[in-house]
Amino acid sequence: MTKTKGALIGCGFFAVNQMHGWQDLADVEIVAICDRDPERLRIVGEQFGVARRYQSAEEMFADGGFDFVDIATTVGSHRALVELAASHKVPAICQKPFAPTLADAKAMVAAADAAGIPLMIHENFRWQTPILAVKAVLDSGAIGEPFWGRVSFRSGFDVFSGQPYLAKGKRFIIEDLGIHSLDIARFLFGDASRMTARTRRINPDIAGEDVATMLLDHNNGITSIVDVSYASKLPEEPFPETFVEIDGTKGTLRLGKDYKLTVHGREGTVQSVVEPNLLPWASRPWHNIQESVALIQKHWAERLSQGREPDTSGRDNLKTFALVKAAYLSAERGETIAIADLL
Ligand code: NAD
Ligand code: 89V
């Protein structure tokens, strides 16, 4: 079997999950890795047995020999690296957040289009087993037509120890975590036309906002609330679970703590546990996110071989990223923002 060859740029905190995900795919092999930090390069190279190691992405692309690149660096380098991939006509996956600005993100989509390469944003939360289970219930019609929804992520987990850069940015929770929740809202309720948001910073030791409450008008008439917090000290820490509430014309759905799903419809109430799989390399409580990494990478490999656009393509993710921009604008101005004005 000829394997699809990949290269990965950015061997930091999260990339280890991506390397495990690629290792699990029988028809994909990561043949080269790159990090400007030689220690991270050595650690990941040794852990996953990758011999071709580069401190410069330019040198790695110049040597070539891979069918796609997986960009797992932090946001500041995303545009330059996607444009580098496009200049070499190499299909690219880019981690969220898409780019520093919406203008950068649009330029990246244009560069990929001009080069004729697929571009996928690694927006993995919609690939979490519990979120897929919620989508399946909606699609089954069990609760009828949804008219109201809530996507909620409230936690007091210390994300700063593993990702210290999160404490330093002027923007924090909407850009880093809310971006996933907003994408889940689009996945479940469709595209949104208007955004109203409020933000707070509760933790005095960080630079950005750590609480956000967002109200979305979806094109199909659904109203949703997306609320996120890293300042919520709960009796039982739910990190990194997303809770979902949906009211429909024929019933209701609730996804709550410990992945408990309750669907109440005309036939009565059905309760189940839609727990993610604990992959052999995964560890609690991250296993939910880790499984979604494996699933989105499988999706990429399938779509790449079929020549079809991935679900969270750059083009698609502009609509999620526009919601991020709209939320910051709305909170800053105290106004409701029309999404069409941004796209
Ligand atoms: P990190 O700082 O731990 O790792 C980034 C690595 O990239 C570092 O080792 C750094 O040296 C390297 N790097 C940066 N610029 C480079 C360049 N131009 N060339 C080569 N190497 C370069 O960061 P992280 O926590 O692993 O986050 C990386 C990305 O993953 C971020 O965009 C973050 O938002 C995202 N992330 C996504 C999820 C998810 O569930 N999708 C979870 C966590 C983090
Ligand atoms: O998924 C993420 O993007 C992570 C975390 C869950 C910590 O917010 O940065």
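Residues numbered from 1 in each chain as written. Chains lettered and ligands numbered in written order. Predicted model: local features only at pLDDT ≥ 70, side-chain atom pairs only at ≥ 80, totals over all residues. Heavy atoms only, no water.

## With respect to the packing of aromatic side chains
Logical step 1: Across all of its chains, the model carries 12 aromatic pairs by this definition.
Logical step 2: A centroid spacing of 6.2 Å and a plane angle of 75 degrees characterise the contact between Phe157 and Trp286, whose relative ring orientation is edge-to-face. With a gap of 129 residues between them, Phe157 in the loop between β7 (146-154) and α7 (173-189) and Trp286 in the loop between β14 (268-273) and α8 (287-306) connect regions that are remote in the sequence.
Logical step 3: Residue classification places Phe157 among the partly exposed residues on the basis of a relative accessible area of 24%. (Phe/Tyr/Trp six-rings, centres within 6.5 Å; stacked < 30°, edge-to-face > 60°. Helix = DSSP H or I, 4+ residues; strand = E, 2+ residues; numbered from the N terminus. Buried < 20%, exposed > 50% of the residue type's maximum accessible area, 1.4 Å probe, protein only.)

## What about unusual backbone geometry?
Phi is mostly negative for residues that are not glycine, and the peptide bonds are mostly trans.
Logical step 1: Residue Pro97 is bonded to the preceding Lys96 through a cis peptide linkage, with omega at -20 degrees.
Logical step 2: Tracing the backbone through its elements, the reader meets Pro97 in the loop between β5 (92-95) and α5 (102-115).
Logical step 3: At the junction of Arg284 and Pro285, the peptide bond is cis and its omega measures out at 0 degrees in the coordinates.
Logical step 4: The phi angle at Lys89 is positive, at roughly 55 degrees, despite the residue not being glycine.
Logical step 5: The backbone of Tyr259 sits at a positive phi, close to 60 degrees, despite the residue not being glycine.
Logical step 6: Along the chain, the position of Tyr259 falls in the loop between β12 (252-256) and β13 (260-265).

## Some points on the sheet that holds β7
Logical step 1: One open sheet holds the nine strands; their spatial order is β14-β13-β12-β11-β7-β10-β9-β8-β15, and the pairing between them is mixed. Only two strands of the sheet have a single neighbouring strand rather than two, namely β14 and β15 (337-338).
Logical step 2: Judged from the four bridges that link them, strand β11 (residues 243-248) and β12 form a sheet pairing that is antiparallel. The residue of β12 that forms the bridge with Ile246 is Leu253.
Logical step 3: Against the sheet, helix α6 (residues 129-140) contacts β7, β11, β12 and β13, and its axis sits at roughly 175 degrees relative to β12. (Pairing = 2+ DSSP bridges. Contact = heavy atoms within 4.5 Å. Axes fitted to C-alpha atoms, helices over the stretch in contact; angles between N-to-C directions.)

## Examining α6
For an α-helix the count is 3.6 residues per turn, leaving residues at separations of three or four pointing the same way.
Logical step 1: Here α6 is 12 residues long and its end C-alpha atoms lie 16 Å apart, about the 16 Å a rise of 1.5 Å per residue gives.
Logical step 2: The complete set of buried residues in α6 reads Pro130, Ile131, Ala133, Val134, Val137 and Leu138. Axial view of α6: buried residues confined to an arc of 155 degrees, hence all on one face. Every exposed residue of α6 that faces more than 90 degrees away from the buried side is listed here: Asp139 and Ser140.
Logical step 3: On its buried face, α6 sits against β7, α7, β11, β12, β13 and α8.
Logical step 4: Residue Gly141 follows α6 closely and has a positive phi angle near 85 degrees. (Expected span 1.5 Å × (residues − 1). Arc of directions from axis to C-beta.)

## Regarding the packing of α7 against helix α9 (residues 314-333)
Logical step 1: Where α7 contacts α9, the two axes come as close as 9 Å, and the packing angle between them is 125 degrees. Accordingly, the angle class assigned to the pair α7 and α9 is oblique. The handedness of the crossing between α7 and α9 is right-handed. The segment α7 lies against α9, with Ile173, Ile174, Glu175, Ile179, Leu182, Asp183 and Arg186 engaging Asp316, Asn317, Lys319, Thr320, Phe321, Leu323, Val324, Ala327 and Tyr328.
Logical step 2: A class-by-class count of the residues in the contact of α7 with α9 yields nine nonpolar, two polar and five charged. (Parallel < 35°, antiparallel > 145°, perpendicular 65-115°, else oblique. Left-handed = near helix turned anticlockwise from the far one by under 90°. Nonpolar A, V, L, I, M, F, W, Y, C, P; charged D, E, K, R; others polar.)

## Points about the nonpolar core
Logical step 1: Ranked by internal contacts, the top residues of the largest apolar core, which has 91 residues, are Val69, Phe98, Met195 and Met214.
Logical step 2: Ranked by residues supplied to this core, first place goes to α7 with 10 residues. (Core = buried A, V, L, I, M, F, W, Y, C linked by side-chain atoms within 4.5 Å.)

## A short note on a positive patch on the surface
Logical step 1: A grouping of Lys106, Lys170, Arg171, Lys325 and Arg333 is seen on the molecular surface, where their side chains present a positively charged patch.
Logical step 2: Mapped onto the secondary structure, Lys170 falls in the loop between β7 and α7. (Patch = residues over 30% accessible without salt bridge, like charges linked within 9 Å, V, L, I, M, F, W, Y side chains within 5 Å. Areas by Shrake-Rupley, 256 points an atom, 1.4 Å probe, with all protein chains shown as cover. Salt bridge = Lys/Arg side-chain N within 4 Å of Asp/Glu carboxyl O. Lys, Arg positive; Asp, Glu negative; His and termini not counted. Charge placed at Lys NZ, Arg CZ, Asp CG, Glu CD.)

## Here's the deal with the pairing of β7
Logical step 1: Where β7 meets β11, six bridges bridge the pair, whose relative direction is antiparallel. Note that in β11 the partner of Ser152 across the bridge is Phe243.

## What to know about the domain arrangement of the chain
Accessible area lost upon the coming together of the parts serves often as the stated size of an interface.
Logical step 1: Under the domain assignment, the chain is made up of domain 1 (4-117) and domain 2 (126-294 + 320-341).
Logical step 2: Computed over C-alpha atoms only, the centres of domain 1 and domain 2 are separated by 27 Å.
Logical step 3: Contact with domain 1, which involves 15 residues of that partner, is made by 16 residues of domain 2.
Logical step 4: Here domain 1 meets domain 2 over a buried area of about 1,400 Å², counting both sides, of which 75% is carbon and sulfur.
Logical step 5: When the area that domain 1 buries against domain 2 is broken down by residue, the three leading residues are Phe13, Lys96 and Leu102, summing to 37%.
Logical step 6: In this structure, the salt-bridge partner of Asp176 is Lys96, at a minimum N-O distance of 3.0 Å.
Logical step 7: Counting every contact that joins domain 1 to domain 2 gives three residue pairs in polar contact (both at pLDDT 80 or more).
Logical step 8: Taken together, the elements giving at least two residues each to the side of domain 1 that touches domain 2 come down to α1 (15-24) and α5.
Logical step 9: Ranked by residue count, the leading element in the side of domain 1 that touches domain 2 is α1, at five residues.
Logical step 10: Of the residues in the side of domain 1 that touches domain 2, the class split is seven nonpolar, six polar and two charged. (Domains from an automatic or database assignment. Buried area = accessible area lost by both parts, 1.4 Å probe. Polar contact = N/O pair within 3.5 Å; in protein donor to acceptor, adjacent residues only side chain to side chain.)

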